[in-house]
Amino acid sequence: MMKKRSISASKASLVLFLCQVISALDVPLDSKLLEELSQPPTITQQSPKDYIVDPRENIVIQCEAKGKPPPSFSWTRNGTHFDIDKDAQVTMKPNSGTLVINIMNGGKAEVYEGVYQCTARNERGAAISNNIVIRSSRSPLWTKEKLEPNHVQEGDSLVLHCRPPVGLPPPIIFWMDNAFQRLPQSERVSQGLNGDLYFSNVQPEDTREDYICYARFNHTQTIQQKQPISVKVFSTKPVTEKQPILLTPTGSTSTKVELRGNVLLLECIAAGLPTPVIRWIKEGGELPANRTFFENFKKTLKIIDVSEADSGNYKCVARNILGSVHHVISVTVKAAPYWITAPRNLVLSPGEDGTLICRANGNPKPNISWLANGVPIAIAPEDPSRKVDGDTIIFSHVQERSSAVYQCNASNEYGYLLANAFVNVLAEPPRILTPANKLYQVIADSPALLDCAYFGSPKPEVEWFKGVKGSILRGNEYIFHDNGTLEIPVAQKDSTGTYTCVARNELGKIQNEVQLEVKDPTMIIKQPEYKVIQRYGQVSFECIIKHDSTLLPTVMWLKDNDELPDDERFLVGKDNLTIMNVTDKDDGTYTCIVNTTLDSVSASAVLTVVAAPPTPAIIYARPNPPFDLELTGQLERSVELSWIPGDENNSPITNFVIEYEDGLHEPGVWHYQTEVPGTQTTVQLKLSPYVNYSFRVIAVNEIGRSQPSEPSEQYLTKSANPDENPSNVQGIGSEPDNLVITWESLKGFQSNGPGLQYKVSWRQKDVDDEWTSVIVANVSKYIVSGTPTFVPYEIKVQALNDLGYAPEPSEVIGHSGEDLPMVAPGNVQVHVINSTLAKVHWDPVPLKTVRGHLQGYKVYYWKVQNLSRRSRRHVEKKILTFRGNKTFGMLPGLEPYSSYKLNVRVVNGKGEGPASPDKVFKTPEGVPSSPSFLKITNPTLDSLTLEWGSPTHPNGVLTSYILKFQPINNTHELGPLVEIRIPANESSLILKNLNYSTRYKFYFNAQTSVGSGSQITEEAVTIMDEAGILRPAVGAGKGKEDWKKEIVNGSRSFFVLKGLTPGTAYKVRVGAEGLSGFRSSEDVFETGPAMASRQVDIATQGWFIGLMCAVALLILILLIVCFIRRNKGGKYPVKEKEDAHADPEIQPMKEDDGTFGEYSDAEDHKPLKKGSRTPSDRTVKKEDSDDSLVDYGEGVNGQFNEDGSFIGQYSGKKEKEPAEGNESSEAPSPVNAMNSFV
């Protein structure tokens, strides 16, 4: 046992020694140096282990590697060499190992299924990729089966089996009906993990014939449909309640094995009435917090990121009012191998020692095996410097021939891990990377850092000399850093001069010279002082400076840490600031700042503006400054400060402000530390390392602040490692071939010690690559050049000083620079849904060709030609943007019967890629708009002339016009409807054989082959009729007299006959002529006998004439009122009669069908019947033509689902007519419906 311990201790010492050696041979990121150093191959990019490919696209198997010299590539397939030169369908990309198998030109993906492995080789070794298993995705059809209807008693349970075809990868299952609507699910009805549909108990509403199971295969973007399943629920006996029973899983116990890191899904679905409620518990423990979720109405228990600790028994309990049932699932969590310590690359010098360590864990514990240059190490060429000890390879006294790439394979029954790590033995003479004669300038009494970046193998020794032939520098006044940097902690004027850096190893020696200049510090020898000034007075602040003669200072004044007001009263001189005619708003703190290229100093003073002194009274003033400051209880991170308050000058002190000066980093600059109440005269102050503290105290009362106290004694805290790392670390490429790493630098006192620097590290994400690190000075940016375009990088920035490093920083993810996309979307297809809506599909571009953050796709489309007019207009291109990796979109607002073009472009953060070839598509005909006008002219006794204009938007080829008209009698009742079809080339029509003195209402619209468009209405009246009077012969045998005729207004129902002979018989005939011919009726009457001359004719009396005029006036007013009401769209008195007759040919149309209500014309807004244009809430619906691009793409009120499918029912729209009811409709698109729900 003692011997084993001693061996272990020696190994530990060896590992520690090797770590020191490895760190000494870190290769600096100097581009010229990296180009010259040899390096074994490193795999930088490869395809996933399980690679399922689309059989419709070319197969791309990635394998990228780096090395010096550049590596060559070879492949094996199913364990044997794969000769790509013998297969015309297979090519390898230039300067790459990536294979491209051409499937789109006749190849079959199934032929190329197998296990592939890539080898990258150069003179220093060979690296290998993972075993990449290529399988072609499959989406087989559903097997045909005869499905019998399910007859189920109400209250019983039911399971509808889906049994989808076995695909690769497995399909996503969902249930829908014939209308492509998701079947509603609940605690009673739900879908299981196997895709079956479970009914805990059936209800009468479950009866239907269209339970359809769908399987969506995402890889091939196909959906397969099972035959509809019929369910009929019958009730032949009373429904009885039932205790819970489990539909799945069966029995009382079951087992489940899941892998570490995966998602654990456990399911329990129960039958019963009432519907059982599911509850989950873990026997002997609690369900893991923050990782446990319940799905499918608590029927599914989901635990994410499972570990071995999640193994155990999980019980589900199903309960209703009649009882409960439970099932116990025994879960075992296994684990595929995972890394504990992955092997890392070794860079050694000849004769040095080192180790490669490969440690992995898993359940069961994985087996560790080693390979050398891709060959099992047992049969690899022997290397006397190499010894394998289980999971460790020990190297002793390596030589250049020991360079190789080693592979560690950790495997168990659930998977494997493969890691490449090279051993690179370099023999290189020293090189100095710092530019020759570099000039360093510092301020006296501050640190000076002189760089000597070097590389060599073995690691060179570095020495410094002052002057070309001076003696070697030694002693406590210098600090020598491991990276070759010389630090002079407190540079003095006599430190100025030439310094020589010499690097040597057994292969050679090299030297470099740098220059150091030490400048005098800038100082304010006359600082501005606190001033109290009366209003409208004048005040001056002095700021006299002293500086190094070789530095050019600039002086700037601030008021309250902001720029001076833009006011001519402020006069800035060479060494002073003067304020004329002081006002109350000039009160504040004035700061003088002096800047040079190497340092900056400042000083401040307060100006208090007061009113002119009143009559003698109590004088209130600022307090006198505190005094006798004392430091006690000095510790590394704290100290106690005490003081004695000064005179408060009749105004109590409210608080004390403590300020500190850092004499080491910012001499002369005072910073706020803290403040305490005015009753407190001691305070415990927290301190930072490596700060030379001085403190002062300022007293504050209602009048203002006192002058600062005299500074306390100085207290220098000890140096320490940095406590924190830079914040806001980001990695964003500014060019396609770089990565710009930025961060917010630490403040001076945050450095905690001398020699503040930053270690910037990066490596390509998801690539088995080592961290690349560089140590930079106190800057806030580093640019990595020569990166691939837009690849993710892991980045971290760590602070360090001469005492060591800050805590390990967290990693952030950045990306190298973007470039414009390389290719256009392919396979652009357009599916015209209807005359105003189309759907465009495209194939997504490969993500690697996007070369940036995929923001989406833009569809450019424009109308080329209107097919009905054959005329070109100004081309106005429209653009729709579809965010994310969409592969289709809807094009709304198209014009019917038109020719369009479109193309598609992919968009990233850099801009748009090339456009796809223009795709031409045509929209079908639609229904036309209403005729542009309808005029009725030339009324006669039995005819009217109609003139009209063609529709503004014919939306197709006009086939005819439809004219419908019907008479309206004096009681406003509608007569029979007459319809006339008119050729499309006509623009006028004379209607004959009409009834005279009759009002007609006309409905007029145009037609295309699709259907009738919107109609326009108009009313007109034929001219007035005629009335005749015939006086028959007096006595028998006499001849007949001629008829006397009078023309009477058709709207009147009486006529007064004048000039008749008393005592005479007259015959009266009233007639009218119309389409049905001349009709008349006759009557005979006799006038009264003649009166004596003294009798007065009543018709000549004034009272009778007045009465008749009043009656006529009343009738006229009633007629005017009726006319106004009809023009406003009011109801006619005969509405009830019309409703009773309910003639289908004259029923009004609904607004959403795009037609008009009864008795409405072009100005009607209040139809009389149910087809109201305005809803009851007085809101107005938008017409179909109101669609805008805001409703599509990325608009504010976008009408798209998350997958881009359009919600509007364009394909199911119906158009109706007021009289005939012609209909045209289309079925909704099943693709849209399924995409909306899947």
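A. Structural view of the overall build of the protein. Along the protein, the regular secondary structure elements total 6 helices and 90 strands. Within the span of the protein, comprising 1238 residues, buried residues form 42% of the whole. For the protein, restricting intrachain contacts to residue pairs at least 6 apart in sequence, the fraction spanning at least 24 positions comes to 65%. Summed over all atoms, the accessible surface of the protein reaches about 65200 Å², with 52% contributed by carbon and sulfur.

B. Main features of the state of the cysteines. Counted under the stated rule, the structure contains 6 disulfides. Covalent S-S linkage joins cysteine 162 and cysteine 213, the inter-sulfur distance amounting to 1.9 Å. One disulfide, between cysteine 162 and cysteine 213, carries an S-S torsion of -70 degrees and so falls in the left-handed class. Here cysteine 213 lies in strand 17 (residues 208–217) and cysteine 162 lies in the loop between strand 13 (158–160) and strand 14 (172–176), a separation of 51 residues in the sequence.

C. Looking closely at the packing of aromatic side chains. Within the structure shown, the criterion is met by 19 aromatic pairs. Each ring, one from phenylalanine 541 and one from tyrosine 590, has its centre 5.4 Å from the other, and the planes form 25 degrees; the classification is stacked. Here phenylalanine 541, found in strand 49 (residues 539–542), pairs with tyrosine 590, found in strand 55 (residues 588–595); they are 49 residues apart in sequence, far enough to count as distant. The exposure classification of phenylalanine 541 matches that of tyrosine 590, with both residues buried. The ring of tyrosine 338 has arginine 260 sitting right over it, with the charged end atom 3.6 Å from the ring centre. Above the face of the tyrosine 860 ring, arginine 905 is positioned so that its terminal group lies 4.1 Å from the ring centre.

D. Here's a closer look at the pattern of salt bridges. Considering all chains together, one arrives at 36 salt bridges under this definition. Between aspartate 391 and arginine 359 there is a salt bridge, with the nearest N and O atoms lying 3.5 Å from each other. Within this pair, whereas aspartate 391 is found in the loop between strand 34 (386–389) and strand 35 (392–395), its partner arginine 359 is found in strand 31 (residues 359–363), the two being separated by 32 residues in sequence. In this structure, the salt-bridge partner of aspartate 548 is lysine 493, at a minimum N-O distance of 3.8 Å. Separated by 55 residues along the polypeptide, aspartate 548 in the loop between strand 50 (544–546) and strand 51 (554–559) and lysine 493 in the loop between strand 44 (486–488) and strand 45 (497–505) bring together distant segments of the chain. Look at the salt bridges and you will find they share partners, linking Asp177, Arg208 and Asp210 into a network.

E. Structural view of unusual backbone geometry. Cis geometry is found at the peptide bond from leucine 273 to proline 274, where omega equals 0 degrees. Within the fold, proline 274 resides in the loop between strand 23 (269–273) and strand 24 (277–282). Cis peptide bonds are those with omega within 30 degrees of zero, and the linkage from asparagine 363 to proline 364 qualifies with 0 degrees. Relative to the helices and strands, proline 364 is located in the loop between strand 31 and strand 32 (367–372). The backbone phi angle of asparagine 581 is positive, close to 50 degrees, even though this residue is not glycine.

F. Seen up close, the sheet that holds strand 82 (residues 960–968). In space, the 4 strands of this open sheet follow the order 83-82-85-86, with antiparallel pairing throughout. Because the sheet does not close on itself, it has two edges, and the strands there are strand 83 (978–983) and strand 86 (1016–1021). Here the average twist between neighbouring strands, direction ignored, is 25 degrees. As judged from the 9 bridges shared by strand 82 and strand 85 (residues 999–1007), these two strands associate in the antiparallel manner. Each residue of the ladder has a partner; that of tyrosine 961, found in strand 85, is alanine 1006.

G. Spotlight on the side chain of histidine 481. Here histidine 481 is to be found in the loop between strand 43 (479–480) and strand 44. A distance of 2.9 Å separates a polar atom in the side chain of histidine 481 from a polar atom in the side chain of glutamate 487. Once residues lying within four places of it in the same chain are set aside, the contact partners of histidine 481 are Leu449, Glu487 and Asp802.

H. Highlighting the sheet that holds strand 59 (residues 655–662). Taken in spatial order, the 4 strands of this open sheet run 60-59-62-63, and their pairing is antiparallel. Two strands lie at the open edges of the sheet, namely strand 60 (666–677) and strand 63 (715–716), each paired on one side alone. Pairing geometry for strand 59 and strand 62 (residues 692–700), over 8 bridges, is antiparallel. Of the residues in strand 62, the one forming a bridge with aspartate 662 is tyrosine 693.

I. Main features of the environment of threonine 1087. Mapped onto the secondary structure, threonine 1087 falls in the loop between strand 90 (1077–1086) and helix 4 (1102–1127). Through-space distance from the C-alpha of threonine 1087 to that of threonine 1064 is 5.4 Å; in sequence the pair is 23 residues apart. In this structure, threonine 1087 is in contact with Leu1060, Thr1061, Pro1062, Gly1063, Thr1064 and Tyr1066, ignoring residues within four places of it in sequence.

J. Looking closely at the confidence of the model for the protein. Of all residues in the protein, 83% attain a pLDDT of 70 or more, and the chain-wide mean is 82. Low confidence marks residues 1026–1039, where pLDDT is under 50. Its contacts with residues over four positions away, or in another chain, come to 34 contacts. Here residues 1129–1238 scores under 50 on pLDDT; set against residues more than four positions off or in separate chains, the count is 198 contacts.

K. How the structure looks around the nonpolar core. Counting residues in each nonpolar core, the largest one holds 29 residues, and the members touching the most others are Ile59, Ile61, Trp75, Ile101 and Tyr116. Contributions of two or more residues to this core are made by strand 3 (59–61), strand 4 (63–68), strand 5 (72–77), strand 8 (99–101), strand 9 (114–122) and strand 11 (132–136). By residue number, the principal contributor to this core is strand 9, which donates 3 residues.

L. Fine view of the environment of glutamate 110. Here glutamate 110 shows up in the loop between strand 8 and strand 9. Glutamate 110 sits in the partly exposed class, given a relative accessible area of 42%. Considering only alpha carbons, one finds glutamate 110 and serine 137, 27 residues apart in sequence, at a separation of 9.2 Å. Residues in contact with glutamate 110, not counting those within four places in the same chain, are Ser136 and Arg138.

M. Focus on the side chain of serine 495. Within the element layout of this structure, serine 495 appears in the loop between strand 44 and strand 45. Contact partners of serine 495, with chain neighbours within four places excluded, come to Lys466, Ile488, Leu516 and Val518.

N. Inspection of the environment of valine 927 at higher detail. Residue position: valine 927 is located in the loop between strand 79 (919–922) and strand 80 (931–937). Taking the relative accessible area as the measure of exposure, valine 927 reaches 24% and is therefore partly exposed. Here the alpha-carbon distance between valine 927 and serine 1009, two residues 82 residues apart in the chain, equals 8.1 Å. Beyond its immediate sequence surroundings of up to four residues, valine 927 is in contact with Pro954, Asn955, Thr1008, Val1010, Gly1011, Ser1012 and Gly1013.

The rules behind each value
- Residues numbered from 1 in each chain as written.
- Predicted model: local features only at pLDDT ≥ 70, side-chain atom pairs only at ≥ 80, totals over all residues.
- Heavy atoms only, no water.
- Helix = DSSP H or I, 4+ residues; strand = E, 2+ residues; numbered from the N terminus.
- Buried < 20%, exposed > 50% of the residue type's maximum accessible area, 1.4 Å probe, protein only.
- Contact = heavy atoms within 4.5 Å.
- Areas by Shrake-Rupley, 256 points an atom, 1.4 Å probe, with all protein chains shown as cover.
- Disulfide = S-S within 2.5 Å.
- Phe/Tyr/Trp six-rings, centres within 6.5 Å; stacked < 30°, edge-to-face > 60°.
- Lys NZ or Arg CZ within 6 Å of the ring centre and 35° of its normal.
- Salt bridge = Lys/Arg side-chain N within 4 Å of Asp/Glu carboxyl O.
- Pairing = 2+ DSSP bridges.
- Axes fitted to C-alpha atoms, helices over the stretch in contact; angles between N-to-C directions.
- Polar contact = N/O pair within 3.5 Å; in protein donor to acceptor, adjacent residues only side chain to side chain.
- pLDDT = per-residue confidence, 0-100.
- Core = buried A, V, L, I, M, F, W, Y, C linked by side-chain atoms within 4.5 Å.

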